[in-house]
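Reading the structure
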Amino acid sequence: MMDKADNGAATPPPVVGAKDEALALVGEQKHDVDQAAEARVVRKIDLFLIPAMMVGYGLVYYDKAILGSAVLFGMTTDLQLTVVDSSTTPPTVDTRRLSWATSLFYFGMLAGLYPMTFALQRFNLGRVLGGVVILWSAVCMLTATVTTHQGLYAQRFFLGFVESIIPTGFMCIVSGYYTQAEQSLRQSWWFSSTGLFTIIGGALNYGFASIQGGDLKRWQYIYLLAGSLTFIFGLFCFVMPSSPVSAWFLTKEERFIAVERLRAGQTGVRCTVFKPSQLREAIFDVKIWLVALMMASAYTVNGAVSGFGPLIVSTFGWSTLASILFQFPLGGLCFLVILLTGYLGSKFNNIRIIMLVLTCLPVIAGCAIIWKSEWSHHAAAPVVGYSITGFFGGTVSLIITVGMSNVAGHTKKSFMAATIFVAYCVGNIVGPQLIWSQTKVHHYPALWLGLIIWYGFFFPNCLSKSKITP
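Conventions adopted
Residues numbered from 1 in each chain as written. Predicted model: local features only at pLDDT ≥ 70, side-chain atom pairs only at ≥ 80, totals over all residues. Heavy atoms only, no water. Helix = DSSP H or I, 4+ residues; strand = E, 2+ residues; numbered from the N terminus. Expected span 1.5 Å × (residues − 1). Buried < 20%, exposed > 50% of the residue type's maximum accessible area, 1.4 Å probe, protein only. Bend = angle between axes of the 7 residues up to and from the residue. Phe/Tyr/Trp six-rings, centres within 6.5 Å; stacked < 30°, edge-to-face > 60°. pLDDT = per-residue confidence, 0-100. Contact = heavy atoms within 4.5 Å.

1. Notes on helix α14 (residues 286–298)
Since the α-helix advances by 3.6 residues per turn, residues separated by three or four positions end up pointing in the same direction. Between the first and last C-alpha of α14 there are 19 Å, a value that for 13 residues agrees with the 18 Å anticipated at 1.5 Å per step. Among the 13 residues of α14, ten are classified as buried, and the element is accordingly described as predominantly covered. If you check which residues of α14 are buried, you get K287, I288, L290, V291, A292, M294, M295, A296, S297 and A298.

2. Examining helix α3 (residues 35–70)
With 36 residues, α3 extends 51 Å from end C-alpha to end C-alpha; this agrees with the ideal 52 Å at 1.5 Å per step. By the largest-angle criterion, K64 marks the main kink of α3, which is about 35°. Most of α3 sits inside the fold, with 26 of its 36 residues counted as buried.

3. So, the packing of aromatic side chains
In total, this model carries 18 aromatic pairs according to the counting rule given. Considering the side-chain rings of Y299 and F392, the 6.2 Å spacing of their centres and the 85° angle between planes classify their relative orientation as edge-to-face. Linking Y299 in the loop between α14 and α15 (300–314) with F392 in helix α20 (residues 392–404), this pair joins segments that are 93 residues apart in sequence. Aromatic side chains F316 and W375 sit 4.9 Å apart centroid to centroid with 70° between the ring planes, which places their arrangement in the edge-to-face category. You can see F316 sitting in the loop between α15 and α16 (320–325) and its partner W375 sitting in the loop between α18 (352–372) and α19 (381–388), a full 59 residues away along the chain. Among the aromatic residues, those joined into a ring-pair cluster are F105, Y106, Y299, F392 and Y424.

4. Thoughts on the confidence of the model for the protein chain
With 85% of its residues at a pLDDT of at least 70, the protein chain reaches an overall mean of 80. Counting contacts from residues 1–19, a segment whose pLDDT is below 50, to residues more than four positions away or on other chains yields 38 contacts.

Spelled out as structure tokens, the structure:
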């Protein structure tokens, strides 16, 4: 069903420019689509969009997670991110500056989320994406010039501001190109790069750890590389079509099929006309707010892991290089769980809520193992617990899919996408603030207990949601 039907309008307005792009292409009447031709069109869309989105979101995750490895390469000392209190016995280390450097990235995302969503709604998607990603690459590379923790605060805020366009834009792209039945698997494909780039980024950081010479610090080289890779991706974004209607990589016949196939799915395609009726409907939709609560709960793990992951592992008695290598099991598990839950969600009906609960259980177990195990030299148990928290990737992927596949109309989709990522930012802001350096001897109880409580919140929330949407 096209967005025009969302308003219940039987007669199109007299001004052609105000009509939905999709309706102008396929007309008012429904047309039959050959299944073989439709499958061919879907494959072409997959081959163009999915690899690009995997790279794009992978760069987002690598970019924000660099901080966790950079602190092991002298960044904390160079930028005064830790404060040592020598008046205590033994001396204590205050890491609150590092916590705020991590959280401020997501304050920047919060600030940029709605302006970026508005830009995606109103203007050419490729030009907006390309321009903002090029700006993002510049901000990333400028990290190498920062000399104080205050400068890092500013850099992290603006980095989050420009990067906010990627996750929201990608959710809208998937919901605008694919039917509801197809969205679960496609969302999982691009979101799986969270785990994939944990491995790729870890391997790159491991290589930079071996640098001994040069005029720059090792952490500065990491940011210059990330910014350069982002710049290349930004150039590609300029050719990203706004919707199936303008998909230049499809023939005219294929564009017609790409739009017509969405009609039965009632997902709608991209329309730059803002629709107040859809906004009102979204604000009063209980499902949207339940999804937001679950997203905030789930992403407290990521907030701690992305900013402190290698540093946390190093407190288990492992070296800098080993701490980076131990990101690989977490990333690999995250990658596989996201793909598996996406596949199962696309093959079987009404199992996403069940999978949400099941993916929470290993995260709770992992937090409990880390908290209660012994942190001795080369301790294995906390590393195992840390690794199985990678199941959180499946949890958040399912939340995104449940949210985006249960709304129709581009205005409502945009509101849902933005609301999900407001919750995403809130969870990431809270996570680093639960790491209190003075409680290290007690294994950061506020962090692990807090995560267990947050994930325990999923059970009544999932029960409530299952009563609303079967």
